[in-house]
Amino acid sequence: MAKATTIKEAITKFEEHDKCKANESKKVMLLGLIPPIEKMDASLSTLVNCEHLSLSTNIIEKIANLNGLKNLKVLSLARNNIKSLTGLEAVGDTLEELWISYNNIEKLKGINVLKKLKVLYIRVNNVKDMSEFSKLVDLPNMKELGFVGNPLADSLMESGQEVYTETITKKLPKLKRLDGFTVIRQDEEEEEA
């Protein structure tokens, strides 16, 4: 297999393609590279103005080196080989959206550092336990969640869509969208009648 693309090489390709300087850009897309990126290295710290970073569709196994990204609001790491949510501490005060579907995550340890998180798409991972899901309750700003495709969601779905939606929305009372659909609560229906 060909040698993996480094972050530095990916940034150079981004700058050539988008005809801009990555360190001045608010949105940096380093996704689907051939050969893929396998490591989030220290070159990420050069993206000082970045608010939206996409590293999707690579072969990254570990979240790391987010220290210089003081303005980061959206991080997309979907379709990688990530097993853990540790490594997000550096963006805990700014990150509002985390897109991390299609990885190998079983535990939500580390999610609690994301104090401003509003959107989490963690579809098609390996979250099995309600105790893991309960860690999301401590995220007071959570408005949108993508969770289908995890063993826990699939087991709840066996009882029907209504049971699944009710179970999740009871745990996350501020949730407005679940798996791409608007959440309509029983009390909201009664108010409209």
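Just so it is clear, the model here is predicted, and its values are computed rather than measured.

A few words on the overall build of the protein. Regarding its fold elements, the protein presents five helices and eight strands. Mapped in sequence order, the helices and strands of the protein form the string α-β-β-β-β-β-α-β-α-α-β-β-α. In terms of overall size, the protein behaves like a compact globule, its C-alpha atoms giving a radius of gyration of 18 Å where 193 residues would be expected to give roughly 16 Å. With the C-alpha coordinates aligned to their principal axes, the bounding extent of the protein is approximately 55 × 35 × 25 Å. Taking all 193 residues of the protein together, 42% fall into the buried category. Within the protein, one finds 28 positive and 29 negative side-chain charges whose respective centroids are separated by 7 Å.

Quick look at the nonpolar core now. Counting residues in each nonpolar core, the largest one holds 52 residues, and the members touching the most others are Leu53, Leu98 and Leu145. For this core, the elements supplying multiple residues, two or more each, are helix 1 (7-18), helix 3 (151-157) and helix 4 (161-171). Considering every element that reaches this core, the biggest residue donor is helix 1, with four residues. In contact with leucine 145, not counting residues within four places along its chain, are Leu120, Tyr121, Ile122, Phe133, Leu136, Ile168, Leu172, Leu175, Arg177, Leu178 and Asp179.

Attention now moves to the packing of aromatic side chains. For the structure shown, the criterion picks out two aromatic pairs. An angle of 5° between the planes, with centres 4.5 Å apart, marks the rings of tryptophan 99 and tyrosine 121 as stacked. Of the two residues, tryptophan 99 sits in strand 4 (residues 97-99) while tyrosine 121 sits in strand 5 (residues 119-121), which places them 22 residues apart along the sequence. The exposure class of tyrosine 121 is buried, given its relative accessible area of 8%. When the ring centre of tyrosine 102 is taken as origin, the NZ or CZ atom of arginine 79, which lies over that ring, is 3.9 Å away.

Before going further, it helps to spend a moment on the side chain of serine 101. Mapping serine 101 onto the fold places it in the loop between strand 4 and strand 5. In contact with serine 101, other than residues within four places in its own chain, are Ala78, Arg79, Tyr121, Ile122, Arg123, Val124 and Asn125.

This part covers the sheet that holds strand 2 (residues 52-54). Backbone-to-backbone hydrogen bonds pair the strands of a sheet. The strands run either parallel or antiparallel. Judged by pairing direction, the sheet is mixed, and its eight strands sit side by side in the order 1-2-3-4-5-6-7-8 without closing on themselves. Because the sheet does not close on itself, it has two edges, and the strands there are strand 1 (27-29) and strand 8 (181-182).

Once that is clear, we can look at unusual backbone geometry. Cis peptide bonds are those with omega within 30 degrees of zero, and the linkage from isoleucine 34 to proline 35 qualifies with -10°. Structurally, the position occupied by proline 35 is in the loop between strand 1 and strand 2. Its identity as a non-glycine residue notwithstanding, lysine 19 has a phi of 50°, on the positive side. Following the sequence through the fold, lysine 19 ends up in the loop between helix 1 and strand 1. Take lysine 19: its relative accessible area is 72%, and that puts it in the exposed class. Backbone geometry at threonine 57 places phi at a positive 55°, although glycine is not the residue there.

Here the focus is the pattern of salt bridges. As enumerated under the stated definition, the model contains six salt bridges in all. One salt bridge in this structure joins glutamate 166 and lysine 170, with 3.3 Å as the shortest N-O distance. With glutamate 166 and lysine 170 both in helix 4 and four residues apart, this pair spans about one turn of that helix. Residue glutamate 166 is classed as partly exposed on the basis of its relative accessible area of 40%.

Parameters and conventions
- Residues numbered from 1 in each chain as written.
- Predicted model: local features only at pLDDT ≥ 70, side-chain atom pairs only at ≥ 80, totals over all residues.
- Heavy atoms only, no water.
- Helix = DSSP H or I, 4+ residues; strand = E, 2+ residues; numbered from the N terminus.
- Rg over C-alpha atoms; globule rule 2.2 N^0.38 Å.
- Buried < 20%, exposed > 50% of the residue type's maximum accessible area, 1.4 Å probe, protein only.
- Lys, Arg positive; Asp, Glu negative; His and termini not counted.
- Charge placed at Lys NZ, Arg CZ, Asp CG, Glu CD.
- Core = buried A, V, L, I, M, F, W, Y, C linked by side-chain atoms within 4.5 Å.
- Contact = heavy atoms within 4.5 Å.
- Phe/Tyr/Trp six-rings, centres within 6.5 Å; stacked < 30°, edge-to-face > 60°.
- Lys NZ or Arg CZ within 6 Å of the ring centre and 35° of its normal.
- Pairing = 2+ DSSP bridges.
- Salt bridge = Lys/Arg side-chain N within 4 Å of Asp/Glu carboxyl O.

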